[in-house]
Amino acid sequence: MNVKIDQETVEQFKSGDDEAFSRIFRTCAPVLFGTAIRILGDRGLSEDVVQEAFVRLYRMRGRLEPNKSVGALLVRIAANLAIDMVRKRKREKWESLEPEAVETKPTAPPIDAKIGTVDAINRAAGTLPPIYRTVLVLRYGHEMAYEEIADVLEISVSAVALRLKRGKEQLRAALARQR
Amino acid sequence: MNCTEARELFDMHLDGALEPTVSASVKDHLQGCSSCQAAYRAMQVESQLLKQALQAEVSSATEIARIEARVRKTVRPEGHVIADLGEWAVPVLGTVLGLLALVGGRFDGAAVRDAVCLSLNPRGGLPVAIPSVLVVALVLLTVITLQSFIFRTGEQD
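Residues numbered from 1 in each chain as written. Chains lettered and ligands numbered in written order. Predicted model: local features only at pLDDT ≥ 70, side-chain atom pairs only at ≥ 80, totals over all residues. Heavy atoms only, no water.

Overview of the overall build of chain B
Right, on to step 1. Secondary structure assignment for chain B yields 9 helices and 0 strands.
Right, on to step 2. From first element to last, N terminus to C terminus, chain B shows the α and β order α-α-α-α-α-α-α-α-α.
Right, on to step 3. Out of the 157 residues in chain B, the part that is buried amounts to 31%.
Right, on to step 4. At a minimum sequence separation of 6, the contacts of chain B that also span at least 24 residues come to 65%. (Helix = DSSP H or I, 4+ residues; strand = E, 2+ residues; numbered from the N terminus. Buried < 20%, exposed > 50% of the residue type's maximum accessible area, 1.4 Å probe, protein only. Contact = heavy atoms within 4.5 Å.)

See the structure below:
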């Protein structure tokens, strides 16, 4: 998902250029909204997440590290905000879902083009528990590396791998049920 | 590496998350196993479908415009340098300057103690003469602080 902002725009934003901030917003906001809604499943809360992510970016503009991706930073902020909301809302015990606590489920065949339309996948993803939705969105929505996902979610790389595996298994099963 | 072991690693191999030596073993197995090649291709297709679906835009222009308006309302317009000092910097600075003003510009501990004692005892009258420069600074900072807080409260409404 393209959230790349050119360095010139970032420098202009850091020096207080309002138009540069607008350009960053227009490029990244739809992506952040997609991330938030896929994690939260709620449009109103997703708007709050995107708003807060940009407000935080704005307030830290003077402290942005050079050569660090602003787009990636925004994704991290938004993902963390959405995850925090899920935690608060559902009071889930994310830690209890570490590898050893997850039950093995039967493996469904990989998703193919017949059942794996954009709408069907998004619908099915919405039915998954948030911990699985989140890793799937970060991995496939943002093409984040396992280490990056582990960093954002504050879990181990092996936990990321396992959640992705379980998430895909559940997604396949959900899609099969939609048939 | 047998088929079961290789297939267990397909996800991570596809995602480039395996150690190079393990990844090489998976590749070796794939080269010599047609059934695993078919299974791996199916997972590649799945991976592409997931990317397409989870990267698809789901927001409307109205929603994005509404969020932008809310962001604009919340963040400070340029020129409000005071906001960048942090929420507590100005009040703390004002308090410190105020204390310094109360002790009449003397900075030793005894002066502070005397000033506090005198302030607690109204019959003692005003502690000491307050240097006009510090008074002006204190007043200015108070005004700026109040303006800053009022402005922020207004934005959050």
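Concerning unusual backbone geometry
Right, on to step 1. Despite not being glycine, A:Glu143 has its phi angle at roughly 55°, a positive value.
Right, on to step 2. As for its placement among the helices and strands, A:Glu143 is situated in the loop between α6 (130-141) and α7 (146-153).

A look at the interface of chain A and chain B
Right, on to step 1. Each partner contributes residues to the interface: chain A has 43 residues there, and chain B has 36 residues.
Right, on to step 2. The junction of chain A with chain B conceals about 3,900 Å² of combined surface from both sides, 56% of it contributed by carbon and sulfur atoms.
Right, on to step 3. For the pair chain A and chain B, the number of links is 9 salt bridges.
Right, on to step 4. A salt bridge links A:Asp18 to B:Arg72; its shortest N-O distance comes to 3.3 Å. (Buried area = accessible area lost by both parts, 1.4 Å probe. Salt bridge = Lys/Arg side-chain N within 4 Å of Asp/Glu carboxyl O.)

Examining the nonpolar core
Right, on to step 1. Within the largest apolar cluster, 70 residues are counted, with the highest numbers of intra-cluster contacts made by A:Ile24, A:Phe54, A:Leu74 and A:Leu171.
Right, on to step 2. The greatest single-element share of this core, amounting to 13 residues, is contributed by helix α2 (residues 18-40) of chain A.
Right, on to step 3. Core analysis: the next-biggest nonpolar cluster, separate from the first, contains 10 residues, B:Leu18, B:Leu30, B:Cys36 and B:Met43 among them. (Core = buried A, V, L, I, M, F, W, Y, C linked by side-chain atoms within 4.5 Å.)

Some points on the packing of aromatic side chains
Residue and element names in this part refer to chain A.
Right, on to step 1. A full pass over the atoms with the stated rule returns 6 aromatic pairs over all chains.
Right, on to step 2. Here the aromatic rings of Phe21 and Phe54 are separated by 6.3 Å at their centres, their planes lie at 75°, and the arrangement is edge-to-face. Taken together, the residues Phe21 in helix α2 and Phe54 in helix α3 (residues 43-59) connect sequence positions 33 residues apart. The pair formed by Phe21 and Phe54 is uniform in burial state, with each residue classed as buried.
Right, on to step 3. A ring pair is formed by Phe21 and Tyr58, whose centres lie 5.1 Å apart and whose planes are at 70°; its orientation type is edge-to-face. (Phe/Tyr/Trp six-rings, centres within 6.5 Å; stacked < 30°, edge-to-face > 60°.)

Side note on the packing of helix α5 (residues 118-125) of chain A against helix α4 (residues 34-55) of chain B
Right, on to step 1. Orientation of α5(A) relative to α4(B), taken along the N-to-C sense of each, is 80°, at an axis distance of 8 Å. Regarding the angle of α5(A) to α4(B), the classification is roughly perpendicular. Across from A:Val118, A:Ile121 and A:Asn122 in α5(A), the residues of α4(B) making contact are B:Leu49, B:Leu50, B:Gln52, B:Ala53 and B:Leu54.
Right, on to step 2. The residue makeup of the contact of α5(A) with α4(B), split by class, is 6 nonpolar, 2 polar and no charged. (Axes fitted to C-alpha atoms, helices over the stretch in contact; angles between N-to-C directions. Parallel < 35°, antiparallel > 145°, perpendicular 65-115°, else oblique. Nonpolar A, V, L, I, M, F, W, Y, C, P; charged D, E, K, R; others polar.)

So, helix α3 (residues 20-31) of chain B
Since the α-helix turns once every 3.6 residues, residues separated by three or four places project in the same direction.
Residues and elements named next belong to chain B.
Right, on to step 1. Between its terminal C-alpha atoms α3 stretches 16 Å, which fits the 16 Å expected from 12 residues at 1.5 Å a residue.
Right, on to step 2. Along α3, the residues that are buried comprise Ser23, Val26, His29 and Leu30. Each buried residue of α3 lies within a common arc of 120° when the element is viewed along its axis, so the set occupies one face. Exposed residues on α3 whose side chains face more than 90 degrees from its buried face are Pro20, Thr21, Asp28 and Gln31. (Expected span 1.5 Å × (residues − 1). Arc of directions from axis to C-beta.)

Examining the pattern of salt bridges
Right, on to step 1. The final tally for this structure, using the stated rule, is 15 salt bridges over all chains.
Right, on to step 2. Across the pair B:Arg66 and A:Glu47 runs a salt bridge, and its minimum N-O distance is 2.5 Å. Of this pair, B:Arg66 sits in helix α5 (residues 61-74) while A:Glu47 sits in helix α3, each in a different chain.
Right, on to step 3. The exposure class of A:Glu47 is buried, given its relative accessible area of 6%.

Some details on the side chain of B:Thr74
Right, on to step 1. Among the secondary structure elements, B:Thr74 is positioned in helix α5.
Right, on to step 2. Assessed through its relative accessible area of 13%, B:Thr74 is described here as buried.

Overview of the confidence of the model for chain B
All names here are of chain B.
Right, on to step 1. Mean pLDDT for chain B: 74, with 59% of residues reaching 70 or above.
Right, on to step 2. When mean pLDDT is compared element by element in chain B, α3 scores highest at 92, while helix α6 (residues 81-84) scores lowest at 52.
Right, on to step 3. At the level of chain-chain contacts, confidence expressed as ipTM amounts to 0.79, with global pTM at 0.66. (pLDDT = per-residue confidence, 0-100.)

As for the environment of A:Glu11
Residues and elements named next belong to chain A.
Right, on to step 1. Examined against the element boundaries, Glu11 turns out to sit in helix α1 (residues 7-14).
Right, on to step 2. Under the relative-accessibility criterion, Glu11 is labelled partly exposed at 38%.
Right, on to step 3. For the pair Glu11 and Gly62, spaced 51 residues apart in sequence, the C-alpha to C-alpha distance is 9.8 Å.

Points about the side chain of A:Lys168
Right, on to step 1. By the secondary structure assignment, A:Lys168 is in helix α8 (residues 157-178).
Right, on to step 2. At 2.4 Å, the side chain of A:Lys168 and the side chain of B:Asp11 are in polar contact.
Right, on to step 3. Leaving out residues up to four positions away in the same chain, A:Lys168 has contacts with A:Leu136, A:Tyr140, B:Asp11, B:Met43, B:Glu46 and B:Leu50. (Polar contact = N/O pair within 3.5 Å; in protein donor to acceptor, adjacent residues only side chain to side chain.)

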